[in-house]
Amino acid sequence: MNIPNKLFLSDLLKHNVRCDNGLDHGPVILPWMHIPVHRILGLVSRPSNLRLQREVWRLDQLKGINKEEVYVKGACSLSDEQTLERLPTLMNANVFNRNGQKLGLVADFVFESNRGNIQYYLVSRSNPLIPGTSRWRLSISQISDKQPGSISCDID
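Parameters and conventions
- Residues numbered from 1 in each chain as written.
- Predicted model: local features only at pLDDT ≥ 70, side-chain atom pairs only at ≥ 80, totals over all residues.
- Heavy atoms only, no water.
- Phe/Tyr/Trp six-rings, centres within 6.5 Å; stacked < 30°, edge-to-face > 60°.
- Helix = DSSP H or I, 4+ residues; strand = E, 2+ residues; numbered from the N terminus.
- Buried < 20%, exposed > 50% of the residue type's maximum accessible area, 1.4 Å probe, protein only.
- Lys NZ or Arg CZ within 6 Å of the ring centre and 35° of its normal.
- Pairing = 2+ DSSP bridges.
- Core = buried A, V, L, I, M, F, W, Y, C linked by side-chain atoms within 4.5 Å.
- Contact = heavy atoms within 4.5 Å.

A. Focus on the packing of aromatic side chains. Considering all chains together, one arrives at two aromatic pairs under this definition. Taking the centre distance of 6.0 Å and the plane angle of 70° together, the rings of F109 and Y121 count as edge-to-face. With F109 in strand 10 (residues 102-112) and Y121 in strand 11 (residues 118-124), this residue pair connects regions lying twelve residues apart in the sequence. Judged on exposure class, the residue F109 and its partner Y121 are both buried. Put simply, the rings of F109, F111 and Y121 pair up and form one aromatic cluster. Against the face of Y120 rests R137, its NZ or CZ located 3.9 Å from the ring centre.

What follows is the structure, given as structure tokens:
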């Protein structure tokens, strides 16, 4: 089992996390991001729908991936839903052009699996949850300003 050099976040969101002890830690539900440098630091899984506890995995714990599962090695860090909601993210962030007009929402991104560097974002013009909606590539060099929930870019 190997890990591709570049991954779409959406590909990981379809997978369950399984640790080196063989335990299922539930689905990947969101990324842990460092916005200032466009980097993903890890993943968050939800071991149970009934508990508010979440498990946070560093990217360097990712050891393998197949069609259904992401394999991790080592112990996770525990957190709760309320704390994770306060972490900054660019997922579902509004994207605005130079004139302040909304262009769409960040629906996905491609990142390097070994270092976590985000290569580019995919922006959806409409609801990103609807399969088949058109998406376009937003390169890091086009971004002029970023805040959690909002991206401004040098596009007319």
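Read on, since the account is not over.
B. Region of the structure containing the pairing of strand 3 (residues 24-34). In this sheet, strand 3 lies alongside strand 2 (residues 16-19) in antiparallel orientation, the contact comprising two bridges. Bridge pairing links R18 to D24 in strand 3. Following strand 2, the chain reverses through four residues before pairing antiparallel with strand 3; G22 in that reversal takes a positive phi of roughly 85°. In this structure, strand 3 lies alongside strand 4 (residues 39-45), joined through six bridges in antiparallel fashion. The residue of strand 4 that forms the bridge with H34 is R39. Counting the residues between successive antiparallel strands, the hairpin from strand 3 to strand 4 contains four residues, one of them, H38, with a positive phi of roughly 50°.

C. Region of interest: the nonpolar core. In terms of nonpolar packing, the biggest core is built from 31 residues, with F109, F111, Y121, L138 and I151 touching the most fellow members. Discounting chain neighbours no more than four positions away, the residues touching F109 are L7, F8, L9, P31, M33, I40, M91, I118, Y120, Y121 and L122.

D. Expanded view of the environment of Q61. Mapping Q61 onto the fold places it in the loop between strand 5 (53-58) and strand 6 (62-65). What makes Q61 buried here is its relative accessible area of 3%. Q61 sits 43 residues away from R18 along the chain, and the two C-alpha atoms are 11 Å apart. Those residues in contact with Q61 that sit more than four places away from it in its chain are Y71, V72, K73, G74, A75 and C76.

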